[in-house]
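Commentary on secondary and tertiary structure
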Amino acid sequence: MVGGLVLSQAQTHQAATPRTAAPAPAPAQALEKRPRDQAQPCGTVAAAAAVSVSAPSLDEVRKVHARHIKLGLDRCPRYARPLLAACAVSGWPGGMELAASIFESLVEPEAFDYNTLMRGHVSGGGGDRDPAAALRLYIDGLEAGVSPDSYTFPFVLKACAQLAALQEGRQLQAHIVKLGFQHDEHVQNSLISFYGKCGAPAMARLAFDRVEAEERTTVSWSALLAAYTKAGLWGECLASFGSMMLDGWRPDESSMVSALSACAHLGSFDAGRSVHCALLRNTARLNTIMLTSLLDMYAKCGSIEKAAAAFDAMDDKSAWAYSAMLSGLALHGDGRKALQVFDAMVREGHAPDAAAYVGVLNACSRAGLLEDGLRCFDRMRLEHKVAPNALHYGCMVDLMARAGRLDDARALIGTMPTGPTDTAWRSLLNACRIHGDLDLAWHALQELRRLGAANAGDYVIVADMHARAKNWTAAAALRTEAVDSGLAQSLGFSAVEVRGELHRFVSQDMAHPRTRDIYEMLHQMEWQLRFDGYKPDTSEVALDAGEEEKGRVVAAHSQKLAMAFGLLSTPEGAPVRVVTNLRMSKECHAYSALISEIFGRDIVIRDRNRLHRFSRPQVEPPPSSPTRTKPRRNQGDAIDELSDAGAVAKAPALRREMEGVAI
């Protein structure tokens, strides 16, 4: 323990650089006894300092440093400090090495000098980032009797965050309290950010709550939102963003990007639209990062048109923006458009990376574009020299298996350089369910068992396949085995967004306050469907029961309950948006398409794999009977009837269970 700070075994105490690398510092008296003819006029010293600050390159700094050594000024912090700062923060390759040498030659370095060198170590200028050296430097200062100031702790906490050194950071918090810096704005915000980056959102919230209300800033809120985002606590992130706005804070770019990410993962279109309006009102011009976040949010919330508008609004599209657009198109199953965007990316000079290829291969898989997918896979390896990883092979297995080439998909799994993965076997298992290959499905389940990656859903797929084949004993045995192995299947649910609030339903749900109205609406929907000759498809119901009983199970599916409440609670003509953690069945797919047509509504359903959109038929009114229509609103007018704070403040209703729904 040094100065109250205990370092782990991997961070043993060392000097920042070997002290033998620099000449031994001369005593302060030696500077005063230097001959007069070697003294430097004040004007020349000032000029040297000015040169050090405005030096255009590391070579110029070396020249000034050499002159300081010649004049005996290299050991005086007053004259060496500008050189130290120039090397530490410039980002020049090799700059930190020279900065450490300058620091080692100082007679009595002060807190400012320690802070400058620590800043260089954590900022990583020129690729020289060394957070462990910054932490050791802090201990060196304590040993030398240098008292830290309020600017010291942000750099040291950043070093701990980069090292994921949670225990050391907590000890630093004790130092902060001991030295009386717990009310400093920069220190408080650094603590919140540190805990968030270390994956401790509860500690970040505790640090935030300890900040007095009048001491909080926009940066404090942004650090808290970033902590929730990193931990995947999307509901808490959106709720905190709503609280921030209700408290009168003007959100910055970082906080709004975090809120948009939360809306994207939760599928909350209304809240995301409110954040978009907040962006328009608080930002003069949306940059590429903001537009990419908007693109991702709208794509995952079911509006690929608005996502494309955000993409087209970018003056300088980045590779990250292209990857986000490709992933959005894959989510919507638009493989042809994804290939066009990919070709445009290459034409504009962007080298596709691994993420971009995951997007385009996934899009080909979901659109059934086998030949295009194979061509992209070859292009990735041969033209752009991107080594395929497990995700790329998983996409190719899924692509080939969906196309019915199950044997080829199985052979590809055996040739994976990384070895077979659970993702690849699970993709093959899902394809076996689609094509009814029970033997291969059983083999895939066995491989998942061997990898120790089998989950309850894998057992359910094979059990349901046995049930459809009337092998009730085998189906029951598999479900029993899953339970005995402690593999609990998560509760299936569907949620519909109404006025910025998500209402959650499970199968046969009777707990909603408007249960009677919901089931009456469900009865009306079924009545309307009968006129179109609709009959429930019970082929995927894995129950040893009669058709009537299976029909009752299908009728009160959680997705249908959510759809009924959406139709009941939203204005006529408004889209109904449903998010579910279940895979959409053939019966629910056909049911949703008919409801969209009969009720004249757009229905958007995001299941655990992809997004399904059912558009109402466009019927032109007869010329002799003009109809009154509302003018289409643009994105900036989308929330005139709702305040930004009011819509997002309903985020607490985005229940914790929704955080399990991810694309």
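Residues numbered from 1 in each chain as written. Predicted model: local features only at pLDDT ≥ 70, side-chain atom pairs only at ≥ 80, totals over all residues. Heavy atoms only, no water.

Labelled according to an unreviewed UniProt entry, the protein chain appears under the name DYW domain-containing protein, originating from Zea mays.

Let's shift gears to the overall build of the protein chain. Scanning the protein chain from N- to C-terminus turns up 32 helices and five strands. Here the protein chain holds 663 residues, and the buried ones make up 50% of them. Surface accessibility of the protein chain: about 31,400 Å² in total, with carbon and sulfur atoms responsible for 52%. (Helix = DSSP H or I, 4+ residues; strand = E, 2+ residues; numbered from the N terminus. Buried < 20%, exposed > 50% of the residue type's maximum accessible area, 1.4 Å probe, protein only. Areas by Shrake-Rupley, 256 points an atom, 1.4 Å probe, with all protein chains shown as cover.)

Right, let's talk about the packing of aromatic side chains for a bit. To describe a pair of aromatic rings, one takes the distance between the centres and the angle between the planes. If you walk through the whole model with that rule in mind, you get 11 aromatic pairs. With a centroid separation of 5.8 Å and 55° between ring planes, the pair formed by Phe269 and Tyr298 is classed as tilted. Taken together, the positions of Phe269 in helix α15 (residues 269-282) and Tyr298 in helix α16 (residues 288-300) put the pair 29 residues apart, joining distant regions of the chain. We classify Tyr298 as buried; its relative accessible area is 1%. With centroids separated by 5.8 Å and ring planes inclined at 55°, the aromatic side chains of Phe505 and Phe565 adopt a geometry described as tilted. Note that Phe505 is positioned in strand β2 (residues 501-505) and Phe565 in helix α30 (residues 558-569), a separation of 60 residues in sequence. On the basis of relative accessible area, Phe505 is assigned to the buried category, the value being 2%. Overall, Phe565 belongs to the buried group, its relative accessible area being 3%. (Phe/Tyr/Trp six-rings, centres within 6.5 Å; stacked < 30°, edge-to-face > 60°.)

In this section: the packing of helix α14 (residues 253-266) against α16. In contact at an axis separation of 8 Å, α14 and α16 are set at 15° when each is read in the N-to-C sense. In this view, α14 runs roughly parallel relative to α16, as classed from their interaxial angle. As for how α14 packs across α16, the hand of that crossing is left-handed. The segment α14 lies against α16, with Glu253, Val257, Leu260, Cys263, Ala264 and His265 engaging Ile289, Met290, Ser293, Leu294, Asp296, Met297 and Lys300. By residue class, the composition of the contact of α14 with α16 is eight nonpolar, two polar and three charged. (Axes fitted to C-alpha atoms, helices over the stretch in contact; angles between N-to-C directions. Parallel < 35°, antiparallel > 145°, perpendicular 65-115°, else oblique. Left-handed = near helix turned anticlockwise from the far one by under 90°. Contact = heavy atoms within 4.5 Å. Nonpolar A, V, L, I, M, F, W, Y, C, P; charged D, E, K, R; others polar.)

Turning to the sheet that holds strand β1 (residues 494-498), a few remarks are in order. In space, the five strands of this open sheet follow the order β2-β1-β3-β4-β5, with mixed pairing throughout. Two strands close off the open sheet at either side, each with one partner strand: β2 and β5 (611-614). On average, adjacent strands in this sheet sit at an angle of 20° to one another, irrespective of strand direction. (Pairing = 2+ DSSP bridges.)

For the rest of this paragraph, the subject is α16. Between its terminal C-alpha atoms α16 stretches 18 Å, which fits the 18 Å expected from 13 residues at 1.5 Å a residue. For α16, the tally of buried residues reaches 10 of 13 residues, placing the bulk of the element in the interior. Those residues of α16 not exposed but buried are Met290, Leu291, Thr292, Ser293, Leu294, Leu295, Met297, Tyr298, Ala299 and Lys300. Looking at the packing, one finds that the buried side of α16 touches α14, α15, α17 (304-312), α18 (319-331), β4 (603-606) and β5. You can read the cap of α16 off the contacts: a side-chain oxygen lies 3.1 Å from the backbone nitrogen of Ile289, and it is on Asn287. In the stretch just after α16, Gly302 is the one whose phi turns positive, near 100°. (Expected span 1.5 Å × (residues − 1). Polar contact = N/O pair within 3.5 Å; in protein donor to acceptor, adjacent residues only side chain to side chain.)

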